[in-house]
Amino acid sequence: MNAFWSIVKNDFRMVFPKKYIFPLTSMLIGGTIFGVLCSLLNFTQIKPEIHWVYTWILFALPGFTTGIVMAEEREKTLGWWLSLPYPRHWLIAAKCIAMLLRALQIILILFLFTNFILYLFTWIRPEAYENIAWGELFYYQLMIIGERLIYVPLIITLGLLAGLLTFSSMKLLNIPIWIFFGLFVSFIVLRHVSKVSRLDWDIVNIPLIWIGLFSFLISLLFYYWSISILNRKLQI
Amino acid sequence: MSIAVEFHHVSYRYGRKFALQDLSLSIPKGKATGLLGENGAGKSTLLKLITSIGKPTLGEIKVFGQKPGWKVNEQIAYLGDRAQWYKFHSIEKAIQYAEKIFPNFQVQQAKEYLDFMKLDSKAKVGDLSKGQMMRLQLILCLSRKVDLFLLDEPLSGIDLISREKIIDLLIHLLSEQEVTIVISTHEIMETEGLFEHLIFLKEGKVVKSGNVETLRAREGSIQHIYREVFQ
Amino acid sequence: METRVVGPLTFTIDFSIPLYEQIVEQIRHAVARGEIALGKKLPSVREMAQNLKVNPSTVVRAYLELEHDGLCEKRRGQGTFITNSEEKVQKIKRGLAEEALNNFVHTMKSLGIDKNTAQQWLKEMDWQ
């Protein structure tokens, strides 16, 4: 088990190589400061939608996950990785867990950051958020994060599968996989929009539990599919 | 002669092309075997099938009597073709990581090898030259206590000093313990004296194999045989 | 062909002939010529292998063959030593000399020179 967590830790570091962390963080901070300044100085009437702080992760996550699979190729360590004396599902699970931990880490950082800024807003310019109390916004964000987390397993395993497919004889299957991804995130966004705007589209009526169940089952499918690619379909 | 690895009529298809074609061979236990052939002869594929990175399209492979798979990999240290190590590690960190992920990794030995190979444990893997990178990987590979070493082209495309050091380390290892080691190469100049058993691979087939000294007595130097086979 | 020095011994390795045979041959000559003294320790297997760039098992095989001849003896935990027996060295010398003589006779014969003429010419040879 010790070996497993060591692999997870190594995979975790591979999600973002250190050299990307600084530019990404500075972009985040710079962008936010700019946005906050614009808002405070009343340059713009656009009210930033809080949910996007967390929703964008769903779009970026499969890219990151495909990235940690491709990283083994970039680092030219595929031979080392694939000849490890552990069951194939360890290799897959390690990458999934590493990605999940990274995602949680990003969400936590964003959560703290956003709340700090929202707190400032509710204090300096409460009308920007229609005088809603900070505590309520805080609760609203927890709801959003909770809902987004339900989709995370599906999206991570999808990214992983897409990465592994590029090493296999079935590269073309990546096209339907990414189309499915496009449909899935559009669905999530539409569901959010229709709920917020009270459009009463039918998709809102699909209970979250069903979506969660669907997401869970599909992620299991992707997970076992990934293992079977490692076992039988690699062509490197 | 006991046998470490056996191939029975193995074929492996890569897309439409056959990388190995109805190939049968055995690799002797406790000997240094040279796997010789031009680029694209199927050397890398053969080694990958032993470590179960690929599954044969047809035929059967036995590694120490078992089917290839992650369990058998515990007994195999494999260095892939054009492989490198994680560039965000330092050499020190690489050895720590190797100790964690490889069962029976001998840290003390790895540290001795570091001195032998003149590598600085503080150096970053990303900053190493090609030759130094290969030296590091040889250390990580050879410090594992396993029954079978598979080295895919450990000498190609690196500087002379590194090549000499790698050969010295291999001879060092061979004089310490009885090991089964398979080295694929198309550069035979430096390795002439190293091998005890040879397998010549051409277009996915074994075209010649046998004990090196017997081949020498019968047909001359390996270089000579190599030219005969591949011209 | 490359010349390689290991301790007191010098080897010229030709990769087109079995390597262990060459090691055996060249150590025999070295002893017969007195390049390595009686009772002296031979370089260790590892040292030989490292310097000749050959597989240690090749050296082991050569040493075994020399032991078999009685030219060397293995002492447990100490290594392989050249024999102390002058008699065995003489035997080796004799063997090598016979080999050279055989070659000589063979060459003379092929040149159509009879035994008496050859012996006469040998007597007239300058041994210096």
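Residues numbered from 1 in each chain as written. Chains lettered and ligands numbered in written order. Predicted model: local features only at pLDDT ≥ 70, side-chain atom pairs only at ≥ 80, totals over all residues. Heavy atoms only, no water.

Chain C goes by GntR family transcriptional regulator in an unreviewed UniProt entry, where it is assigned to Thermoflavimicrobium daqui.

By the naming in an unreviewed UniProt entry, chain B is ABC transporter ATP-binding protein, taken from Thermoflavimicrobium daqui.

*Asks:* Teacher, can you tell me more about the domain arrangement of chain C here?
*Replies:* Many structure descriptions define interface size as the accessible area lost when the parts assemble. All names here are of chain C. Each assigned domain of chain C is listed with its residue range as follows: domain 1 (2–84) and domain 2 (87–124). Here domain 1 and domain 2 have C-alpha centroids that lie 27 Å from each other. In this assembly, nine residues from domain 1 lie in contact with five residues from domain 2. Contact between domain 1 and domain 2 buries roughly 670 Å² in total, counting both sides, with carbon and sulfur atoms accounting for 77%. Per-residue buried area on domain 1 facing domain 2 is highest for R28, A32 and L71; these three make up 47% of the total on that side. At the junction of domain 1 with domain 2, the criterion picks out zero salt bridges. In this assembly, domain 1 and domain 2 are joined by zero residue pairs in polar contact (both at pLDDT 80 or more). (Domains from an automatic or database assignment. Contact = heavy atoms within 4.5 Å. Buried area = accessible area lost by both parts, 1.4 Å probe. Salt bridge = Lys/Arg side-chain N within 4 Å of Asp/Glu carboxyl O. Polar contact = N/O pair within 3.5 Å; in protein donor to acceptor, adjacent residues only side chain to side chain.)

*Asks:* Would you mind going over the packing of aromatic side chains with me for this structure?
*Replies:* How two aromatic rings sit relative to each other is set out by the distance from centre to centre and by the angle between their planes. Considering all chains together, one arrives at 21 aromatic pairs over all chains under this definition. Measuring from ring centre to ring centre gives 6.5 Å for F102 of chain B and F105 of chain B, while their planes differ by 35°; the resulting arrangement is tilted. Accessibility classification places F102 of chain B together with F105 of chain B in one group, the buried group. Centre to centre, the rings of F200 of chain B and F230 of chain B are 6.3 Å apart; their planes meet at 40°, and the pair counts as tilted. Here F230 of chain B lies in helix 7 (residues 222–230) and F200 of chain B lies in strand 8 (residues 197–202), a separation of 30 residues in the sequence. On the basis of relative accessible area, F230 of chain B is assigned to the buried category, the value being 16%. Taking NZ or CZ as reference, R61 of chain C lies 3.8 Å from the ring centre of Y20 of chain C, over its face. (Phe/Tyr/Trp six-rings, centres within 6.5 Å; stacked < 30°, edge-to-face > 60°. Buried < 20%, exposed > 50% of the residue type's maximum accessible area, 1.4 Å probe, protein only. Helix = DSSP H or I, 4+ residues; strand = E, 2+ residues; numbered from the N terminus. Lys NZ or Arg CZ within 6 Å of the ring centre and 35° of its normal.)

*Asks:* Hey, could you run me through the sheet that holds strand 3 (residues 32–36) of chain B in this one?
*Replies:* Residues and elements named next belong to chain B. The sheet built from six strands is open, its strands ordered 5-6-7-3-8-9 with mixed pairing. Two strands lie at the open edges of the sheet, namely strand 5 (76–79) and strand 9 (205–211), each paired on one side alone. Along the sheet, successive strands turn relative to each other by an average axial angle of 15°, direction set aside. Against the sheet, helix 1 (residues 43–50) engages strand 3, strand 5, strand 6 (148–152), strand 7 (180–185) and strand 8, with an angle of about 150° to strand 6. (Pairing = 2+ DSSP bridges. Axes fitted to C-alpha atoms, helices over the stretch in contact; angles between N-to-C directions.)

*Asks:* I would appreciate a short explanation of the sheet that holds strand 1 (residues 3–14) of chain B in the present structure.
*Replies:* Two modes of strand pairing occur in sheets, parallel and antiparallel, and in both the strands are linked by backbone hydrogen bonds. All names here are of chain B. If you trace the three strands from one edge of the open sheet to the other, you get 2-1-4, paired in antiparallel fashion. The open sheet terminates on both sides in strands that have one partner only, identified here as strand 2 (17–28) and strand 4 (58–63). Between one strand and the next, the sheet's axes are offset by a mean angle of 15°, whatever the strand orientation. Alignment of strand 1 against strand 4, held across five bridges, turns out to be antiparallel. The partner of V5 across the bridge, within strand 4, is V63.

*Asks:* Where do I start with the pattern of salt bridges in this structure?
*Replies:* In a structure, side chains of opposite charge can pair up when their charged atoms sit close to one another. Residues and elements named next belong to chain B. Counted by the stated rule, this structure contains 22 salt bridges over all chains. Two residues, R216 and E213, come together in a salt bridge whose shortest N-O distance is 2.7 Å. Remark: E213 and R216 occur in helix 6 (residues 212–219); sequence separation between them is three residues, near one turn of the helix. Comparing R216 with E213, the two get one shared label, buried. Ionic pairing is found between R218 and E219, a salt bridge with its closest N-O pair at 3.8 Å. Owing to a relative accessible area of 59%, R218 belongs among the exposed residues under this scheme. Using a relative accessible area of 29% as the deciding quantity, one classes E219 as partly exposed.

*Asks:* Would you mind showing me how to read the UniProt feature "domain: ABC transporter" (unreviewed entry) in chain B here?
*Replies:* The UniProt feature table records "domain: ABC transporter" (unreviewed entry) at residues 5–228 of chain B. Between the end C-alpha atoms of residues 5–228 of chain B the distance is 27 Å, and the span holds 33% helix and 27% strand. (UniProt positions renumbered as here; feature names shortened; annotations may be inferred.)

*Asks:* Would you mind showing me how to read the interface of chain B and chain A here?
*Replies:* At the interface, 32 residues of chain B touch 26 residues of chain A. The interface formed by chain B and chain A holds 10 residue pairs in polar contact (both at pLDDT 80 or more) in total. Top element by residues in the side of chain B that touches chain A is helix 2 (residues 91–101) of chain B. It accounts for four residues. Considering only residue class, the side of chain B that touches chain A consists of 16 nonpolar, seven polar and nine charged. (Nonpolar A, V, L, I, M, F, W, Y, C, P; charged D, E, K, R; others polar.)

*Asks:* I keep staring at the packing of helix 5 (residues 160–176) of chain B against helix 2 (residues 45–52) of chain C and nothing clicks. Help me out?
*Replies:* Each packed pair of helices is defined by two parameters, the angle between the axes and the distance between the axes. Their axes nearest at 10 Å, the elements helix 5 of chain B and helix 2 of chain C cross at an angle of 155°. Relative to helix 2 of chain C, the element helix 5 of chain B lies roughly antiparallel. For the pair helix 5 of chain B and helix 2 of chain C, the crossing hand works out as right-handed. Each of D168, I171, H172, S175 and E176 of chain B in helix 5 of chain B lies in contact with helix 2 of chain C, whose residues at this interface are R46, A49 and Q50 of chain C. (Parallel < 35°, antiparallel > 145°, perpendicular 65-115°, else oblique. Left-handed = near helix turned anticlockwise from the far one by under 90°.)

*Asks:* Where do I start with the pairing of strand 9 of chain B in this structure?
*Replies:* Looking down a regular strand, the side chains alternate between one sheet face and the other. Residues and elements named next belong to chain B. Taken together, the six bridges between strand 8 and strand 9 define a ladder with antiparallel strand orientation. What sits directly across from L198, in strand 9, is G210. Linkage of strand 8 to strand 9, two consecutive antiparallel strands, is achieved through a turn of two residues, within which E203 is found at a positive phi near 45°.

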